[in-house]
Number of protein chains: 2
Amino acid sequence: MREKLEKYFSFVFEKELLDEIVQVGVYKKLRENEVLVDLGDKMKGVPLLLEGAIKIVREDKKGEEILLYFLERGDTCASSFASAISNGKCGIRAIAEKESEIIFLPKEKLDEWLVKYKSWRNFVIESYNIRLNEMMETIDSLAFMKMNERLYKYLTDKAQIMRETSLNTTHQDIAYDLHTSRVVVSRLLKQLENEGKIKLHRNKIEVLEF
Amino acid sequence: MREKLEKYFSFVFEKELLDEIVQVGVYKKLRENEVLVDLGDKMKGVPLLLEGAIKIVREDKKGEEILLYFLERGDTCASSFASAISNGKCGIRAIAEKESEIIFLPKEKLDEWLVKYKSWRNFVIESYNIRLNEMMETIDSLAFMKMNERLYKYLTDKAQIMRETSLNTTHQDIAYDLHTSRVVVSRLLKQLENEGKIKLHRNKIEVLEF
DNA sequence: TAGCTTATGTGATATTAATCACAAAATAAT
DNA sequence: ATTATTTTGTGATTAATATCACATAAGCTA
């Protein structure tokens, strides 16, 4: 744990803070598709992502979904931070897109560290900032882009996050993430294939251009 | 200034912090439609909103706009907080929807206060939290609602924020905020009027139901 | 009051996306 | 190998929204 923690966080956190994290943090391995946070959960801490990729999804009353953004190593979940500190509920769902490793930080420490460590304050503010910007990007996509553009952005973003140009996914899964229908996704994917940007297989999509 | 500050913030901030704010904060009055923050600005501090209403808008490269959310008294702009602390650029535009009063807090103090005052830490985290939730609401609207619902939500939200059931606005202005066309807004407004939810006048819309 | 400017109303048409209905192919299960 | 299940492909239809092209109305200005 210490090893991986240092790999991604030694330039972010002070040595004393790293020590504390090793002491109180709880290491956890997530298997693919494991739900880390669910709608309405009250968080008892925040996760630091050491390895892997986590998908953050919003769901409305009718059970309709939309992807908000992905987390990758070095990230944390700003939404659960707020939920943990204020004892409020979390408005999102977090699902491991692939096998991932996290360190769970107990909420008792979160405020204490804000006082003690400048690096922690920076990290928290920076995390919120990144998340706000991701949300804005999502809003940009929804407001300004058409479905074919959103789809292509989704595929390239996901390839980046997964560090893999070959994505194992179905058209239906994509439709859930983009909140549209499978038929629409299939047709637009075929279009992208004709434009030479991707290559389609069953349960698999290769992203050719970036 | 002290008076208004105490009115909305005495239950939020510790007395010592209120004292400091009075000392270093810069009071400013904004006239209607004044631009407080513009795209790409580097913030030298953060505004506390004492009175009025401020519209936060996102703009893409092509100059197309969409409303993100409104700020009301007691709020602060989380986006400029991050920008101020990290010396980064602000991705939004903030415009006074009506005459407003703010206190501008210099960025030098922001981090210092995180260490000194628990109430400040709470306020900052809480502000980020509120803003993340507003962004999620915006995403919900864009992803899950049709234009007529978005329009009605816009009108009722705005009436709330402005503390006024009678809104002085044109169809074109609304179209900009919702990122659609004036024609569409006019037609849907007429529909809402027929449903008895609003009453239309030139340059004015009365919201009848909430 | 006549002319100008801004705001609103409305038909016609085009585009995008949603929905239905079913066929065909690939894979998994028995 | 046969059957069942999952995934993908595709035509037809409908609904929502965007766009164009004017008409009308309301308020301002000279």
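Worth saying up front: this structure is predicted, and the values here are computed from it rather than measured.

Caption draft 1: Local environment of the sheet that holds strand 7 (residues 100–106) of chain B. Residues and elements named next belong to chain B. With antiparallel pairing, 3 strands are arranged side by side in an open sheet as 1-7-3. Of all strands in the sheet, those bounded by a partner on one side alone are strand 1 (26–30) and strand 3 (45–51). Between one strand axis and the next, the sheet turns through 30 degrees on average, direction left out of account. Summarising the sheet, strand 1 and strand 7 pair through 5 bridges and their orientation is antiparallel.

Caption draft 2: Main features of the nonpolar core. Grouped together as the largest cluster of nonpolar side chains are 98 residues, with contacts concentrated most on Trp120(A) and Trp120(B). Ignoring anything within four residues of it in the chain, the contact list for Trp120(A) reads Phe13(A), Leu17(A), Phe81(A), Leu105(A), Leu110(A), Trp113(A) and Leu114(A).

Caption draft 3: Expanded view of the relation of the copies chain B and chain A. Each copy superposes on the other: chain B lies on chain A with an RMSD of 0.0 Å after a rotation of 180 degrees and an axial shift of 0.0 Å. What the rotation and shift describe, once combined, is the action of a two-fold rotation axis. Across chain B, the smallest distance between a C-alpha and the rotation axis is recorded for Val115(B), namely 2.3 Å. Looking at the interface residues of chain B, 100% of them are also at the interface in chain A, so both copies use one shared face.

Caption draft 4: Structural view of the protein's contact with DNA strand C. Taken together, 17 residues lie near DNA strand C, and Met147(A), Thr180(A), Arg182(B), Arg187(B) and Arg202(B) sit nearest. Close to the protein, within 4 Å, the atoms of DNA strand C are drawn from sugar and phosphate at a rate of 50%. For DNA strand C, a base nitrogen lies 2.5 Å from a polar atom in the side chain of Arg187(B). Breaking the surface near DNA strand C down by element, the ones donating at least two residues are helix 8 (182–194) of chain A together with helix 8 (182–194) of chain B. No other element matches helix 8 of chain B, which puts 4 residues into the surface near DNA strand C.

Caption draft 5: Looking closely at the protein's contact with DNA strand D. Looking at DNA strand D, there are 17 residues lining it, with Arg182(A), Arg187(A), Arg202(A), Met147(B) and Thr180(B) nearest. Looking at DNA strand D alone, sugar and phosphate atoms form 47% of those within 4 Å of the protein. At 3.0 Å, a side-chain N or O of Lys146(B) approaches a phosphate oxygen of DNA strand D. Arg187(B) has a polar side-chain atom sitting 3.5 Å from a base oxygen of DNA strand D.

Caption draft 6: Seen up close, the domain arrangement of chain A. Residues and elements named next belong to chain A. Under the domain assignment, chain A is made up of domain 1 (2–143) and domain 2 (145–207). The C-alpha centroid of domain 2 is placed 26 Å from the C-alpha centroid of domain 1. Each partner contributes residues to the interface: domain 1 has 17 residues there, and domain 2 has 12 residues. Around 1,400 Å² of area is buried between domain 1 and domain 2 when both sides are counted, 51% of it from carbon and sulfur atoms. Considering only the surface of domain 1 that becomes buried against domain 2, Glu 65, Phe 70 and Ser 141 emerge as the three largest contributors, covering 33% of it. Run the count over domain 1 and domain 2 and you get 4 salt bridges. The salt bridge partner of Arg 163 is Glu 72, with a shortest N-O separation of 3.2 Å. Looking at which element gives the most residues to the side of domain 1 that touches domain 2, the answer is strand 5 (residues 65–72), with 6 residues. Here the side of domain 1 that touches domain 2 is built from residues that sort into 7 nonpolar, 1 polar and 9 charged.

Caption draft 7: Representation of the packing of aromatic side chains in the model. In this structure the tally under the stated criterion is 17 aromatic pairs over all chains. The interplanar angle of 85 degrees and the centroid separation of 5.3 Å between the aromatic rings of Trp113(A) and Trp120(A) together place this pair among those described as edge-to-face. Taking the relative accessible area as the measure of exposure, Trp113(A) reaches 0% and is therefore buried. Its relative accessible area of 1% is what places Trp120(A) among the buried residues. Judged by centre distance (4.9 Å) and plane angle (75 degrees), the rings of Phe13(B) and Phe123(B) are edge-to-face. Of the two residues, Phe13(B) is situated in the loop between helix 1 (2–9) and helix 2 (15–24) and Phe123(B) in helix 5 (residues 118–144); the sequence distance between them amounts to 110 residues. The same class applies to Phe13(B) as to Phe123(B), namely buried. Sitting above the plane of the Tyr152(A) ring, Lys197(A) keeps its charged end 5.0 Å from the centroid.

Rules and cut-offs
Residues numbered from 1 in each chain as written. Chains lettered and ligands numbered in written order. Predicted model: local features only at pLDDT ≥ 70, side-chain atom pairs only at ≥ 80, totals over all residues. Heavy atoms only, no water. Pairing = 2+ DSSP bridges. Helix = DSSP H or I, 4+ residues; strand = E, 2+ residues; numbered from the N terminus. Axes fitted to C-alpha atoms, helices over the stretch in contact; angles between N-to-C directions. Core = buried A, V, L, I, M, F, W, Y, C linked by side-chain atoms within 4.5 Å. Buried < 20%, exposed > 50% of the residue type's maximum accessible area, 1.4 Å probe, protein only. Contact = heavy atoms within 4.5 Å. Least-squares fit on C-alpha atoms with pLDDT ≥ 70 in both. Near = heavy atom within 4 Å. Polar contact = N/O pair within 3.5 Å; in protein donor to acceptor, adjacent residues only side chain to side chain. Domains from an automatic or database assignment. Buried area = accessible area lost by both parts, 1.4 Å probe. Salt bridge = Lys/Arg side-chain N within 4 Å of Asp/Glu carboxyl O. Nonpolar A, V, L, I, M, F, W, Y, C, P; charged D, E, K, R; others polar. Phe/Tyr/Trp six-rings, centres within 6.5 Å; stacked < 30°, edge-to-face > 60°. Lys NZ or Arg CZ within 6 Å of the ring centre and 35° of its normal.

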